[in-house]
Amino acid sequence: MHCSPISHLRLQPLVKVAPRAPPLRPAPPPPPLASPSRFSPRPFPRRGLALRSPGRRRFAAAGGSPDPGSPEDDFDVELGRLLALLPEEMRRRVSEHPERSQLIEVVMDLGRKPLARFPSGDFVLSELPVTHQDLERATSQVGDFAIDNRAGISRTLHRISGIRNRKGTIIGLTCRIGRAISGSAPLLQDLVQTGASLLLIGPPGVGKTTIIREIARMLANDYGKRVMIVDTSNEIGGDGDIPHEGIGNARRMQVPNSDMQHKVLIEAVENHMPQVIVIDEIGTKLEAMAASTIAQRGIQLVATAHGVTIDNLIMNPALEMLVGGIQSVTLGDEEASRRGVQKTVLERKGPSTFSCGVEIVSKTELRVHRSLEATVDAILSGRLPKFEVRKMGAKDSRGNAETEPFTYSSLSDNDDTSFIHVPDRAGESAGYSDYAPELPLNRESFIEDGARLLLYSYGILEASIIQVIKQLNLGEDVIQLTDNISQAHALIALQSKLKKNPGIQAAARSHGIPIYVTKTSSLVQITNAVRALLRDLDGSDDAEVEDPSKLSEKTDALEEARVTIEQVVIPKGEPVELLPRSSSIMSLQMDLIRKYQLRSERVGKEPDIRLRILPYNGGSYEDVDSTNNKVVDGFDDSGSTNGSAYNVSRLPLLPD
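Computed from a predicted structure; not experimentally measured.

Turning next to the sheet that holds strand E4 (residues 150–152). Here 6 strands make up an open sheet; going across it, the order is E3-E2-E1-E6-E5-E4 and the pairing antiparallel. This sheet does not close on itself; its edge strands, each paired only once, are strand E3 (121–124) and E4. The mean angle between the axes of side-by-side strands here comes to 25 degrees, regardless of whether they run parallel or antiparallel. Of the pairings in the sheet, the one linking strand E2 (residues 115–118) to E3 comprises 4 bridges and is antiparallel in character. Bridged to arginine 117 within E3 is aspartate 122.

Before going further, it helps to spend a moment on the pairing of strand E24 (residues 599–603). With 5 bridges joining them, E24 and strand E25 (residues 610–614) adopt antiparallel strand pairing. Its bridge partner being in E25, serine 600 is matched across the sheet by isoleucine 613. The hairpin formed by E24 and E25 contains 6 residues between the paired strands, and glycine 604 there has a positive phi angle of roughly 85 degrees.

Another aspect to go through is the environment of asparagine 528. One can find asparagine 528 in helix H15 (residues 523–537). Each C-alpha atom, one on asparagine 528 and one on tyrosine 516, is 9.8 Å from the other, the two residues being 12 residues apart in sequence.

Attention shifts here to the layout of surface pockets. The space that makes up the second largest pocket amounts to roughly 1300 Å³. Lining the second largest pocket are 49 residues, with Arg176, Ile177, Gly178, Thr209 and Glu235 positioned closest to its centre. Listing elements by their share of the lining of the second largest pocket, those giving two or more residues are E4 and helix H5 (208–222). No other element matches H5, which puts 5 residues into the lining of the second largest pocket.

Right, let's talk about the nonpolar core for a bit. One finds Leu199, Ile277, Ile282, Ile314, Leu322 and Phe354 to be the most contacted residues of the largest nonpolar core, which totals 33 residues. If sequence neighbours within four positions are ignored, isoleucine 314 has contacts with Glu320, Val323, Ile326, Val376, Ile379 and Leu380. In this structure, Ala196, Val206, Ala220 and Cys356 belong to the second largest nonpolar core, which totals 29 residues.

Take helix H6 (residues 261–272) next. In this model H6 runs 16 Å from its N-terminal to its C-terminal C-alpha over 12 residues, within 8% of the 16 Å that 1.5 Å per residue would give. The elements touched by buried residues of H6 are strand E8 (227–231), strand E9 (251–254), strand E10 (276–279) and helix H7 (285–296). Looking at the residues trailing H6, positive phi occurs at methionine 273, about 45 degrees.

Applying the stated criterion across every chain yields a total of 1 aromatic pair. Geometrically, the ring pair formed by phenylalanine 118 and phenylalanine 123 is edge-to-face, given 6.5 Å between the ring centres and 70 degrees between the ring planes. Using a relative accessible area of 4% as the deciding quantity, one classes phenylalanine 118 as buried. A relative accessible area of 24% means that phenylalanine 123 is categorised as partly exposed. A cation sits over an aromatic face here: arginine 367 above phenylalanine 387, 5.6 Å from the ring centre.

Let's shift gears to the pattern of salt bridges. Oppositely charged side chains can pair when the atoms bearing their charge come close. In this structure the tally under the stated criterion is 28 salt bridges. In this structure, the salt-bridge partner of glutamate 88 is arginine 91, at a minimum N-O distance of 2.4 Å. One end of the pair, glutamate 88, and the other, arginine 91, are both in helix H2 (residues 88–95), 3 residues apart, so they sit about a helical turn from each other. The exposure class assigned to glutamate 88 is exposed, which follows from its relative accessible area of 52%. Assessed through its relative accessible area of 22%, arginine 91 is described here as partly exposed. Aspartate 190 serves as the salt-bridge partner of arginine 390, at 2.9 Å between the closest nitrogen and oxygen. One end of the pair, arginine 390, is in strand E16 (residues 386–391); the other, aspartate 190, is in helix H4 (residues 189–192), with 200 residues separating them in the sequence. Judged by relative accessible area, arginine 390 falls into the buried class, the value being 1%. You can call aspartate 190 partly exposed: its relative accessible area is 28%. One network of salt bridges, with partners in common, ties together Glu577, Glu601, Asp608, Arg610 and Arg612.

All right, on to unusual backbone geometry then. Positive phi, close to 65 degrees, is recorded for glutamate 281, a residue that is not glycine. Among the structural elements, glutamate 281 can be located in the loop between E10 and H7. The phi angle at glutamine 597 is positive, at roughly 60 degrees, despite the residue not being glycine. With respect to the helices and strands, glutamine 597 occurs in the loop between helix H17 (583–595) and E24. Overall, the relative accessible area of 45% leaves glutamine 597 in the partly exposed class.

Reading guide: rules and limits
- Residues numbered from 1 in each chain as written.
- Predicted model: local features only at pLDDT ≥ 70, side-chain atom pairs only at ≥ 80, totals over all residues.
- Heavy atoms only, no water.
- Pairing = 2+ DSSP bridges.
- Helix = DSSP H or I, 4+ residues; strand = E, 2+ residues; numbered from the N terminus.
- Axes fitted to C-alpha atoms, helices over the stretch in contact; angles between N-to-C directions.
- 1 Å grid on protein atoms, 1.4 Å probe; cavity = no way out; pocket = protein on both sides within 12 Å on 5 of 7 lines; lining within 4 Å.
- Points joined across faces, edges and corners; volume = space filled by probe spheres on them.
- Core = buried A, V, L, I, M, F, W, Y, C linked by side-chain atoms within 4.5 Å.
- Buried < 20%, exposed > 50% of the residue type's maximum accessible area, 1.4 Å probe, protein only.
- Contact = heavy atoms within 4.5 Å.
- Expected span 1.5 Å × (residues − 1).
- Phe/Tyr/Trp six-rings, centres within 6.5 Å; stacked < 30°, edge-to-face > 60°.
- Lys NZ or Arg CZ within 6 Å of the ring centre and 35° of its normal.
- Salt bridge = Lys/Arg side-chain N within 4 Å of Asp/Glu carboxyl O.

Structure representation (structure tokens):
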């Protein structure tokens, strides 16, 4: 009997079963660290950076010893992460620059030479133009560009802004350096710690974001408050999901689209119960309305807005709600007469969203308005507001604009800059009293050395100034124009231009340069300014010293007009004739009368010509010379009223 050959085969196992392993023993502990060099900082990215807050440290990610670090080291690391976007040659040129730590931004435009911008000026990084490959290499290392063409580097404050062509391709980059600078917020510490809402106003690039970032850190870390930052473009907390260490313990909400910022503001209040909300760049009416709603819920606000002064917010229809809103009010006849104003005036509509306002003049100087409502009321009524001038590294100084009637801005008592109002007429003085500003040291050295006077002009044509210099027979050996404000001995400026540029004021203040302000650019005004400058320097024969007796006569005349207006004309509504004066002094009195929004007329004949101050009765007056027997508003040259019920009174000469 034959069997199948298959039956004799024995199948072999395909997989061998391994024998059971012995039980595992606990692993020996790792050897101790031989040296801390194993955890030395890496170039990019660096973890475990030290917090900027004093006394705070973060431990290294590997569990090693704490890395205390320093702000300078942290900035070097963050700057290195930005420079990594650049080609090797550009990185090397930036690293070798003496102002490397003060780098502002790097500009890369297709087909042009790349530039690095420093406080001293632009610096060319390469002689080769920027190519598409350079731009693609840089954009590939940053986050996605949002709808506002901005991107960033994670956990840094740097901002990368793109320029696109019509097809949407990036053809230019602006790489702006972001810094978390400490030391600016303590100037406002007394306002913030009381819970007052704070509005910071300033032009772009003056440091608004830096200040509110430091305020957010101070409120969260030092005062233990629940702070929520609504970060529109990630400038406060940096790019990425993890915020920058510069905001301390404050939380951050990102805004997906700038058009949704007002919704995110309301969401922050309703969902996260903050005690303080920090907002950067309120720019629309919806955002202003959201901020007003939040303020009414008792939450402290810290926000910024673009502008130079509070006047800009008042004139901005989208942001006027931040200061309470503006409305036109029609007054009754009695109220308008009592105030001495027109019947239609502007008034604040309601309470201001913010308690205090801060005008940022420069990175080292602030103008603080403790009561924003009082400031707005003063501006609307035509008065100059009160404010405080605060400077970094100096004791706070307070200024009162109302004590300087002939200047449009107030200066602190310790300020080195002198604003000198140039009178409209050659015979007028600069104020009610003999005003001689104290000259800085560089002006005294100019007088001693007999060198040329260097004059810096702003808002006035140089040709007009040169023409005045020639008319005064001074020549370039006495006065010469300069384009460098740091070398100038004095500055002459047009008032309307100077008011809009606080940077010029800050530059003059930092160099101790007096400013001579003219209302117009006429040759008469410029001539008066140059003569006032020479008189103050006491270095020219053309300067004339005013006779003290004439100065006393002007003071008496102005005081006579002021007392007449405030004690008779406005409260009683009666016209009053002043004492006979010279034509130049009567011109001074007429200017003062116009400041009270009243009108006047000249009555009498030589040598008894005098001014008659007319009360405001809702009509329109015109300054009229009645010496030629012309009847104006019911008055003839003899002083009769032609049916008017006015009783004209005369004031005696004021005592010395």
